[in-house]
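# Descriptive structure summary
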Amino acid sequence: MRALIVDPDAPASLRLGTAAEPQAAPHQLVVDVRHISLNRGEVAFAERLPAGTVHGYDAAGVVVRAATDGTGPAVGARVTAFGAGAWAQRMAVDTTAVAEVPAQVDLADAAALPMAGITALRTLRSRSILGRRVLITGAAGGVGRYAIQLAALGGAHVIASVGSSARADGLAELGAHQVVVGLEGIDRPVDLILDNVGGQQLAAAWELLAPGGGVQNIGWASDEPAVFAPYSLVSVGPPKTMTTFGGVHEVGPDLATLLEFVAAGRLSPEVDWRGSWDRVTEASQALLDRRIAGKVVLDVERAAAD
């Protein structure tokens, strides 16, 4: 089958090639993949993977082989899936990591949800946000745009931070109450920070955190170290926390929640770039250059013999 595989000599270390058919365990089903979604971090880290690896985690398609243990959707079901080896014509994925796509939701939109949507949803659930001030840095990206919408749905006062004024377009319409460049203009403490940037902006954002507040580290787009001033991590009163995020186990129910929001018109998939997976180099470079406002979705094209 055709797949996007890691090749250190290719642009962005990714190219269309061939791979073996996936071998499904009893608790896994096989999806005929119709659309995939690229995430900037995946593209940036492709070069660190062994050559020939089928890359990616986000996909949507149709079940062509049900799990032999009897769990999960049946053959013919339209699903979105989160699992390794997603950027291929077919993928094997745990039944706990898929959700059926409502009829009114396009499969291409469904493919955009898994990694970015789950990250936004689960980090926002780390504490109560109703009536709280939530700061989202790197807010113009895929995770950021979902987080703005979900935080607003949860009753938060949403502050969206971007790297330049040009990246601010459309964020107020998604639900941001305040849009800032960097941290300029934030004059009151915040209760929760979803940080996509890292570096010195993270250290500065920490100073804005209210006692008892928390930072969820979900990205490091700056590629710079964060240096904290002496004693800045010591405070009197309720403790402030900083937490890494990697909880992507058994995401099926959360995918279903995101799909319900999309079906109801309460969550925009924010697909900014869509094209054939033959254009993976173009799409990858646009992501790396931060020319994408939201998500990239690639259509899995079939050759005549497929």
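Just above, that's the structure.
Presented here is an overview of the structure given in this document. Throughout this description, residue numbers start from 1 for each chain and increase along the sequence as written. It should be noted that, the model being predicted, local features are given only for residues of pLDDT at least 70 and side-chain atom pairs only at 80 or more, the latter also being counted only at that level, while totals for whole chains, interfaces and linings use all residues. To get the side-chain values, take all heavy atoms of the structure and skip hydrogens and water.

## Considerations on the overall build of the protein
Elements are defined by DSSP. Helices are runs of H or I of four residues or more, strands are runs of E of two residues or more, and each kind is numbered from the N terminus. Across its full length, the protein holds eight helices and 15 strands. Throughout, radius of gyration means the C-alpha value; the globule benchmark is 2.2 Å times the number of residues raised to the power 0.38. Relative to the 2.2 N^0.38 estimate, which gives 19 Å for 306 residues, the radius of gyration of the protein is 20 Å and therefore close to what a compact globule would have. Evaluated residue by residue, the protein yields a buried proportion of 51% over its 306 residues. We call two residues contacting when some pair of their heavy atoms lies within 4.5 Å. Here the contacts in the protein between residues at least 6 apart in sequence split such that 68% fall between residues at least 24 apart. To measure how exposed things are, a 1.4 Å probe is used in the Shrake-Rupley method; for residues, cover is taken only from the protein chains shown. For the protein, the exposed surface amounts to about 13,100 Å²; the carbon and sulfur share of it is 53%. A 1.4 Å probe rolled over the protein chains alone gives each residue an accessible area, and that area as a share of the maximum for its type sets the label: buried under 20%, exposed over 50%, partly exposed in between.

## Points about the nonpolar core
Residues I36, L38, L124, I148 and L298 are the most contacted members of the largest nonpolar core, which totals 76 residues. The element best represented in this core is helix α4 (residues 142–153), accounting for six residues. When residues no more than four places from it in sequence are discounted, the contact partners of I36 are L4, D58, A59, A86, W87, A111, W277, V296, V297, L298 and V300. Grouping buried Ala, Val, Leu, Ile, Met, Phe, Trp, Tyr and Cys residues that are joined through side-chain atoms within 4.5 Å yields what is termed a nonpolar core. In this structure, L183, L202, W206 and L209 belong to the second largest nonpolar core, which totals 13 residues.

## Some points on the packing of helix α3 (residues 114–124) against helix α7 (residues 252–263)
Working convention: axes come from line fits to C-alpha atoms, limited for helices to the stretch in contact. Angles between N-to-C directions cover 0 to 180 degrees. Where α3 meets α7, the closest approach of the two axes is 10 Å, and the angle between their N-to-C directions is 95°. If you check the angle between α3 and α7, you find them roughly perpendicular. From α3, P114, G117, I118, L121 and R122 reach across to α7, where they touch D254, L255 and L258. The residue makeup of the contact of α3 with α7, split by class, is five nonpolar, one polar and two charged. Orientation labels follow simple angle bins: below 35 degrees gives roughly parallel, above 145 gives roughly antiparallel, 65 to 115 gives roughly perpendicular, and whatever is left gives oblique. Three categories are distinguished: nonpolar for Ala, Val, Leu, Ile, Met, Phe, Trp, Tyr, Cys and Pro, charged for Asp, Glu, Lys and Arg, and polar for the others, with Gly belonging to the last.

## Description of the environment of V251
Position of V251 relative to the elements: it lies in the loop between β13 (241–244) and α7. For V251, a relative accessible area of 0% corresponds to the buried category. Through-space distance from the C-alpha of V251 to that of T95 is 9.7 Å; in sequence the pair is 156 residues apart. Each residue touching V251, except ones within four places of it in the same chain, is listed here: F82, T96, A97, I118 and R122.

## A closer look at the packing of α3 against α4
It is at 8 Å that the axes of α3 and α4 come closest, and there the two elements cross at 45°. Classed by the angle they form, the pair α3 and α4 counts as oblique. The handedness of the crossing between α3 and α4 is right-handed. For the pair α3 and α4, the contacting residues are A116, G117, T119, A120, L121 and L124 in the first and G142, V143, Y146, A147, L150 and A151 in the second. In terms of residue class, the contact of α3 with α4 is built from nine nonpolar, three polar and no charged. Left-handed describes a crossing whose near helix is turned anticlockwise from the far helix by less than a right angle; the clockwise case is right-handed.

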